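The lines below spell out each chain.
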Protein chains: 2
Amino acid sequence: MTDLAPVLDSADTNLEASLGRLFELIRIRSVSTDPAFKAECRKAAEWLVRELTALGFDASVRDTPGHPMVVAHHDGATPDAPHVLFYGHYDVQPVDPIELWETDPFEPSLKEEAGRKVITGRGTSDDKGQLMTFVEACRAYKQVNGNLPCRVTILFEGEEESGSPSLKPFLTANAEELKADCALVCDTGMWDRETPAISSSLRGLVGEEVTVIAASRDLHSGMYGGAAANPIRILTSILAGLHDETGRVTLPGFYDGVEETPDDVKASWARLAGNDKDFLGDVGLSLPSGEKGRSILELIWARPTAEINGIVGGYTGEGFKTVIAAKASAKISFRLVGQQDPAAIRESFRAYVQSKIPADCKVEFHEHGGSPAIHLPYDSALLQKAKEGLSREWPKPAVVIGMGGSIPIVGDFQKMLGMESLLIGYAQSDDRIHSPNEKYDLVSYHKGIRSWIRVLDALA
Amino acid sequence: MTDLAPVLDSADTNLEASLGRLFELIRIRSVSTDPAFKAECRKAAEWLVRELTALGFDASVRDTPGHPMVVAHHDGATPDAPHVLFYGHYDVQPVDPIELWETDPFEPSLKEEAGRKVITGRGTSDDKGQLMTFVEACRAYKQVNGNLPCRVTILFEGEEESGSPSLKPFLTANAEELKADCALVCDTGMWDRETPAISSSLRGLVGEEVTVIAASRDLHSGMYGGAAANPIRILTSILAGLHDETGRVTLPGFYDGVEETPDDVKASWARLAGNDKDFLGDVGLSLPSGEKGRSILELIWARPTAEINGIVGGYTGEGFKTVIAAKASAKISFRLVGQQDPAAIRESFRAYVQSKIPADCKVEFHEHGGSPAIHLPYDSALLQKAKEGLSREWPKPAVVIGMGGSIPIVGDFQKMLGMESLLIGYAQSDDRIHSPNEKYDLVSYHKGIRSWIRVLDALA
């Protein structure tokens with residue numbers, strides 16, 4: 001570990017210049033979903049390549065069937081320095097409805113908001129501001145030390161906001177070039193204003209649709225009620241049996257591969273627990289609904305679930321119809337953690353359902369996707385080092401959190417490049433990404449740059 | 001009990017003439033739903049009044065805002081003879097699609113069908129042929145004995161096929177005139193070709209719609225799954241808890257007022273049990289789904305049920321959406337028997353549901369009707385007498401059966417006139433009522449007349 005003070009000082013001293021560079025990038029209207037902005041997307045890629053080349057990267061615009069990628073390489077200070085792949089995206093969301101913007105989305109400015117200085121404009125938070133924190137961290141390093149502490153490969157995408165159609169083919173075609181010891185993905189947020197976060201896990205998913213079929217036609221419930229099988233009753237009984245009274249999923253083998261969260265991780269989540277109430281309170285709820293004896297954060301980050309996402313059967317219109325439906329169906333998803341095997345869970349679910357179907361009824365299944373959980377081990381050295389680096393920068397220590405929503409790139413890096421990802425970002429929950437008046441806190445930008453300096457140093 | 005042989009002989013001797021009278025009635029195009037046939041409906045009522053007057057009834061056409069009623073009175077042989085109210089309807093269903101009729105629907109004929117003689121035409125079975133069995137039985141009695149064994153009031157309606165809008169006001173306005181010891185309703189069928197049936201009970205109904213409301217908006221199941229209440233899971237758990245593993249309904253007090261079916265009744269149903277398999281087999285099923293240890297006939301005629309008639313929540317379209325719905329709802333109906341109290345059952349259901357709703361969720365209820373079961377006690381003297389009368393006429397003894405579907409007139413007689421009904425009819429399940437080529441077996445007509453002679457005699 002080197003003396004970082006001069007590097008951090010450099011970042012501080014050059015903040016205004018680095019803001020100027022960010023403003024230049026924001027002025028480029030790189031809206032990826034709108035073909036009218038195709039040239040602007042390329043312009044953003046070219047701008048980035050120029051900046052990176054100036055910093056000593058071997059950088060190039062790489063064509064794809066869609067908008068181009070930017071790939072750049074830089075050696076580390078020593079031959080055995082770790083190799084990181086940094087990912088961000090230069091494309092932005094459309095700006096409609098334009099009339100709701102208080103400033104020009106493509107003419108960035110600094111303004112005061114709720115006592116804080118914020119950078120306004122489309123892409124300030126998602127993701128131009130975030131990716132530039134890394135570029136500027138590299139700049140400060142180079143300026144002071146003439147090199148980077150890690151070997152760095154940069155991948156900037158220009159189609160993240162339009163479904164990344166070119167990404168998988170590009171990863172496949174350039175796997176050797178892009179493979180690194182780990183990926184750093186800068187497209188997420190802080191836990192709160194004082195607490196940086198590393199998202200180290202994403203839950204997996206098994207989607208199933210089940211249809212219970214009883215009689216050959218809808219029946220009159222007066223004439224047949226009590227004698228004929230009711231598929232809604234069979235289905236609700238099956239679904240009700242998925243959980244026991246402690247909230248655990250009852251499927252045999254369901255918890256195979258699920259590990260307990262280490263105490264220190266749980267303790268760090270417990271320190272965040274004051275926010276539990278707000279998490280549910282924001283949506284009008286107050287009681288955790290999952291497995292008993294576990295915190296909300298543990299439930300959503302580290303525990304698997306079975307959720308019924310939809311159900312339909314019989315008469316659902318206005319009024320009443322005394323019908324016994326011929327069939328009823330439900331969509332169920334399982335969120336997976338740890339080493340849970342999607343195929344085994346699907347099989348266990350189907351066997352359970354089948355065992356509950358009366359001999360004169362039938363069941364049909366439809367598969368709706370399956371993917372394992374993605375998880376950086378809590379004791380991963382990379383994770384610990386990044387955490388220490390971040391913790392030195394912010395008022396409160398960094399927390400390792402999970403993510404509910406999926407970030408496809410993380411799965412792609414794991415599947416196609418065999419590489420884990422550290423998701424680190426400095427966005428705030430009030431950044432209004434994808435909406436009018438997107439902003440990025442000046443503190444996020446400034447301390448974001450300083451954070452990457454510390455993280456790169458820690459990883460080295 | 002008088003010597004019935006001469007009366008029955010008279011019915012036999014006059015069969016051809018009585019068929020001629022039925023044909024006259026069938027030729028009258030009394031389609032109640034079509035205003036074009038308004039005059040024909042009145043013509044049918046007037047024809048019936050003429051026939052009944054000729055038989056010595058005090059008969060009259062009674063105007064209503066719709067089609068007229070026919071009311072007729074005749075004294076019994078003795079002052080203490082029981083008083084019966086006979087109900088039938090002279091209106092018929094439309095004949096469309098007319099091109100599917102093999103004979104003119106309003107030009108009745110006798111033809112051979114599957115080795116049986118049948119009377120063809122609209123209304124032959126529903127309900128002109130049936131009501132004429134009673135009129136002709138009265139004729140035979142009068143011809144031989146000069147009187148009727150019971151005091152008889154006849155009520156013929158002309159709006160049964162169009163929702164009986166005038167019936168309740170008419171019953172209210174003429175309650176004293178129409179009240180009798182019991183009603184005889186001739187609008188139902190035989191159990192099979194050899195076995196006459198008395199429908200002595202109709203199950204009651206409680207309809208409820210329940211909506212479970214959790215979060216204030218739909219949630220992402222990745223972000224909230226495992227922490228936020230899922231209203232579909234709550235609802236399916238509630239619905240699954242309505243039955244125990246023996247198929248009994250679990251609501252406290254649900255079986256209050258439910259009496260066991262007497263052994264002799266069960267035995268008579270057991271003799272019909274060969275038909276169980278067909279009952280379910282006809283709709284692609286084979287296993288009784290209700291309370292264990294009870295026959296299908298007992299389940300549908302004499303046991304209460306809880307059925308889920310509809311359920312909906314979350315995403316139910318094509319594909320998959322990882323949503324936790326804000327709400328989910330179901331329509332549930334309870335079929336009641338014996339003295340079950342609809343209000344008490346609704347209350348018990350709501351209390352049960354409420355007890356299962358987490359403190360941070362809500363539930364809403366909507367009432368969809370409630371009516372008690374209608375039930376003539378199995379040991380009712382009237383029922384036993386009618387049964388004995390019928391049993392003497394047909395190859396197999398009469399059976400007392402229940403009805404799943406509701407017949408509103410029976411409830412109206414009970415509520416508005418305080419009078420139980422015996423539902424006796426001679427229709428066959430292949431009579432194609434409401435469809436093209438409606439027919440009534442000649443045996444139904446002939447032995448129907450003879451049956452009423454025996455029933456009236458038995459009741460007296």
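Residues numbered from 1 in each chain as written. Chains lettered and ligands numbered in written order. Predicted model: local features only at pLDDT ≥ 70, side-chain atom pairs only at ≥ 80, totals over all residues. Heavy atoms only, no water.

- The name an unreviewed UniProt entry gives chain A is Peptidase M20 dimerisation domain-containing protein, with Metarhizobium album as the organism.

**Considerations on the domain arrangement of chain A**
Line of reasoning, step 1. In terms of domain boundaries, chain A breaks down into domain 1 (5–201 + 375–459) and domain 2 (204–258 + 304–371).
Line of reasoning, step 2. Its C-alpha centre places domain 1 of chain A at a distance of 43 Å from the equivalent point of domain 2 of chain A. (Domains from an automatic or database assignment.)

**Focus: the side chain of Glu159(B)**
Residue and element names in this part refer to chain B.
Line of reasoning, step 1. Along the chain, Glu159 turns up in the loop between β6 (151–157) and α5 (167–173).
Line of reasoning, step 2. For Glu159, which is buried and forms no salt bridge, the nearest opposite charge comes from Lys38, at a distance of 8.8 Å.
Line of reasoning, step 3. At 2.7 Å, the side chain of Glu159 forms a polar contact with the side chain of Ser166.
Line of reasoning, step 4. Look past the residues within four positions of Glu159 in its chain and what remains in contact with it is Ser32, Thr64, Gly66, His67, Asp91, Ser164, Pro165 and Ser166. (Helix = DSSP H or I, 4+ residues; strand = E, 2+ residues; numbered from the N terminus. Buried < 20%, exposed > 50% of the residue type's maximum accessible area, 1.4 Å probe, protein only. Lys, Arg positive; Asp, Glu negative; His and termini not counted. Salt bridge = Lys/Arg side-chain N within 4 Å of Asp/Glu carboxyl O. Polar contact = N/O pair within 3.5 Å; in protein donor to acceptor, adjacent residues only side chain to side chain. Contact = heavy atoms within 4.5 Å.)

**So, the sheet that holds strand β9 (residues 204–213) of chain A**
Line of reasoning, step 1. Read from one edge of the open sheet, 8 strands run β14(A)-β9(A)-β13(A)-β11(A)-β11(B)-β13(B)-β9(B)-β14(B), paired in antiparallel fashion. Since the sheet does not close on itself, it has two edges, and those belong to β14 (362–371) of chain A together with β14 (362–371) of chain B, each with one partner. Averaged over all pairs of adjacent strands, the angle between strand axes in this sheet comes to 20°, irrespective of strand direction.
Line of reasoning, step 2. Where strand β11 (residues 305–314) of chain A meets strand β13 (residues 327–336) of chain A, 8 bridges bridge the pair, whose relative direction is antiparallel. (Pairing = 2+ DSSP bridges. Axes fitted to C-alpha atoms, helices over the stretch in contact; angles between N-to-C directions.)

**Here's the deal with helix α9 (residues 263–271) of chain A**
Residue and element names in this part refer to chain A.
Line of reasoning, step 1. When α9 is considered as a whole, its buried residues turn out to be Val265, Ser268 and Trp269. The buried residues of α9 occupy one face: seen down the axis, they fall within an arc of 100°. Turned more than 90 degrees off the buried face of α9, the exposed positions are Asp263, Ala270 and Arg271.
Line of reasoning, step 2. In this fold, the buried residues of α9 make contact with α11 (296–302) and β16 (399–403). (Arc of directions from axis to C-beta.)

**What to know about the environment of Ala45(A)**
Line of reasoning, step 1. Summarising the element assignment, Ala45(A) is placed in helix α3 (residues 38–54).
Line of reasoning, step 2. Beyond its immediate chain neighbours, meaning those up to four positions away, Ala45(A) contacts Val61(A), Pro68(A), Val70(A) and Tyr90(A).

**Looking at the packing of α3(A) against helix α4 (residues 128–145) of chain A**
All names here are of chain A.
Line of reasoning, step 1. Put simply, α3 and α4 touch, their axes get as near as 11 Å, and they point 20° apart. Judged by the angle between their axes, α3 and α4 are roughly parallel. Like other packed secondary-structure pairs, α3 and α4 cross with a definite hand, here left-handed. Only Leu131, Met132, Val135 and Arg139 of α4 make contact with α3, whose side of the interface consists of Trp47, Leu48, Glu51 and Leu52. (Parallel < 35°, antiparallel > 145°, perpendicular 65-115°, else oblique. Left-handed = near helix turned anticlockwise from the far one by under 90°.)

**A closer look at the environment of Gly314(A)**
Line of reasoning, step 1. Note on placement: Gly314(A) falls in strand β11.
Line of reasoning, step 2. Along the chain, Gly314(A) and Lys327(A) lie 13 residues apart, while their C-alpha atoms are 7.5 Å from each other.

**Quick notes on unusual backbone geometry**
All names here are of chain A.
Line of reasoning, step 1. Cis rather than trans, the peptide bond between Asp96 and Pro97 has omega equal to -5°.
Line of reasoning, step 2. In this structure, Pro97 sits in the loop between β3 (83–89) and β4 (109–113).
Line of reasoning, step 3. Here Asp126 and Asp127 are connected by a cis peptide whose omega angle stands at 10°.
Line of reasoning, step 4. With respect to the helices, strands and loops of the structure, Asp127 is situated in the loop between β5 (116–120) and α4.
Line of reasoning, step 5. At Arg432, a position not held by glycine, the phi torsion is positive, near 55°.

**Some remarks on the relation of the copies chain B and chain A**
Line of reasoning, step 1. When chain B is fitted to chain A, the best match, at an RMSD of 0.2 Å, comes from turning it 179° and sliding it 0.1 Å along the axis. Within this description, the copies of the chain are treated as partners about a two-fold rotation axis.
Line of reasoning, step 2. When the interface residues of chain B are mapped onto chain A, 100% of them again lie at the interface, so the same face is used by both copies. (Least-squares fit on C-alpha atoms with pLDDT ≥ 70 in both.)

**Quick word on the sheet that holds β4(A)**
Residue and element names in this part refer to chain A.
Line of reasoning, step 1. Strand order in this open sheet of 3 strands is β4-β5-β18, and the pairing throughout is antiparallel. This sheet does not close on itself; its edge strands, each paired only once, are β4 and β18 (439–441). For this sheet, the mean angle separating the axes of adjacent strands, direction not counted, is 40°.
Line of reasoning, step 2. Bridge count between β5 and β18: 3 bridges; the pairing is antiparallel. By the bridge assignment for β18, Ile119 is matched with Tyr440.

**Looking at the interface of chain B and chain A**
Line of reasoning, step 1. With 72 residues of chain B at the interface, the matching set in chain A holds 72 residues.
Line of reasoning, step 2. Interface of chain B and chain A: buried area, both sides summed, is about 5,600 Å²; carbon and sulfur atoms make up 59% of it.
Line of reasoning, step 3. Here chain B and chain A share 0 salt bridges between them.
Line of reasoning, step 4. At the junction of chain B with chain A, the criterion picks out 34 residue pairs in polar contact (both at pLDDT 80 or more).
Line of reasoning, step 5. The leading source of residues in the side of chain B that touches chain A is strand β11 (residues 305–314) of chain B, at 9 residues.
Line of reasoning, step 6. Considered class by class, the residues forming the side of chain B that touches chain A number 31 nonpolar, 29 polar and 12 charged.
Line of reasoning, step 7. The pairing of β11(A) with β11(B) spans 5 bridges and is classified as antiparallel. (Buried area = accessible area lost by both parts, 1.4 Å probe. Nonpolar A, V, L, I, M, F, W, Y, C, P; charged D, E, K, R; others polar.)

**Some thoughts on the packing of aromatic side chains**
Line of reasoning, step 1. Overall, the coordinates contain 26 aromatic pairs over all chains when judged by the stated rule.
Line of reasoning, step 2. Aromatic side chains Trp394(A) and Tyr426(A) sit 6.3 Å apart centroid to centroid with 15° between the ring planes, which places their arrangement in the stacked category. Of this pair, Trp394(A) sits in the loop between α13 (381–393) and β16 while Tyr426(A) sits in the loop between β17 (421–424) and β18; the two residues are 32 residues apart in sequence, bridging distant segments of the chain. Both residues of the pair, Trp394(A) and Tyr426(A), belong to the buried class.
Line of reasoning, step 3. With a centroid separation of 5.1 Å and 85° between ring planes, the pair formed by Phe254(B) and Tyr255(B) is classed as edge-to-face. The same class applies to Phe254(B) and to Tyr255(B), which are both buried.
Line of reasoning, step 4. Aromatic rings pair up to connect Phe86(A), Phe134(A), Phe156(A), Trp394(A), Tyr426(A) and Trp452(A) into one cluster.
Line of reasoning, step 5. Positioned above the aromatic ring of Tyr255(A) is the side chain of Arg248(A), whose terminal nitrogen or guanidinium carbon lies 3.9 Å from the ring centre. (Phe/Tyr/Trp six-rings, centres within 6.5 Å; stacked < 30°, edge-to-face > 60°. Lys NZ or Arg CZ within 6 Å of the ring centre and 35° of its normal.)

**Examining the pairing of β6(B)**
Residues and elements named next belong to chain B.
Line of reasoning, step 1. Along β6, 6 of the 7 residues are buried, which leaves the element largely enclosed by surrounding structure.
Line of reasoning, step 2. Two strands pair when backbone bridges link them, and strand β2 (residues 69–74) and β6 are joined in this way by 5 bridges, in the antiparallel orientation. Following the sheet pairing, Ala72 is matched in β6 by Ile154.
Line of reasoning, step 3. Across 7 bridges, strand β3 (residues 83–89) lies against β6 in parallel orientation. Across the sheet, His83 pairs through a bridge with Arg151, a residue of β6.

**Details of the pattern of salt bridges**
All names here are of chain A.
Line of reasoning, step 1. For the structure shown, the criterion picks out 68 salt bridges over all chains.
Line of reasoning, step 2. Salt-bridge contacts for Arg139 lead to Glu51; the nearest nitrogen and oxygen are separated by 2.8 Å. Here Arg139, found in helix α4, pairs with Glu51, found in helix α3; they are 88 residues apart in sequence, far enough to count as distant. Accessibility classification places Arg139 together with Glu51 in one group, the buried group.
Line of reasoning, step 3. For Arg193, the salt bridge identified is with Asp441, shortest N-O distance 3.1 Å. Of the two residues, Arg193 sits in the loop between β7 (182–185) and β8 (197–202) while Asp441 sits in strand β18, which places them 248 residues apart along the sequence.

**What about the pairing of β8(A)?**
Every other side chain in a regular strand lies on the same face of the sheet, so the side chains alternate between the two faces.
All names here are of chain A.
Line of reasoning, step 1. Burial of β8 is extensive: 6 of the 6 residues sit out of reach of the surface.
Line of reasoning, step 2. By the bridge criterion, 2 bridges tie β8 to β17 in an arrangement that is antiparallel. Bridging from a neighbouring strand, Ser199 pairs with Leu423 of β17.
Line of reasoning, step 3. Here β8 pairs with strand β15 (residues 374–375) via 2 bridges, running antiparallel. Paired with Ser201 across the two strands is His375, which belongs to β15.

**Quick notes on the state of the cysteines**
All names here are of chain A.
Line of reasoning, step 1. Taken as a whole and assessed by the stated rule, the structure comprises 0 disulfides over all chains.
Line of reasoning, step 2. The closest cysteine sulfur to the non-disulfide-bonded Cys41 is located on Cys186, 20 Å from its own sulfur.
Line of reasoning, step 3. A residue is classified by how much of its surface remains accessible, and Cys41, at 0% relative accessible area, is buried. (Disulfide = S-S within 2.5 Å.)

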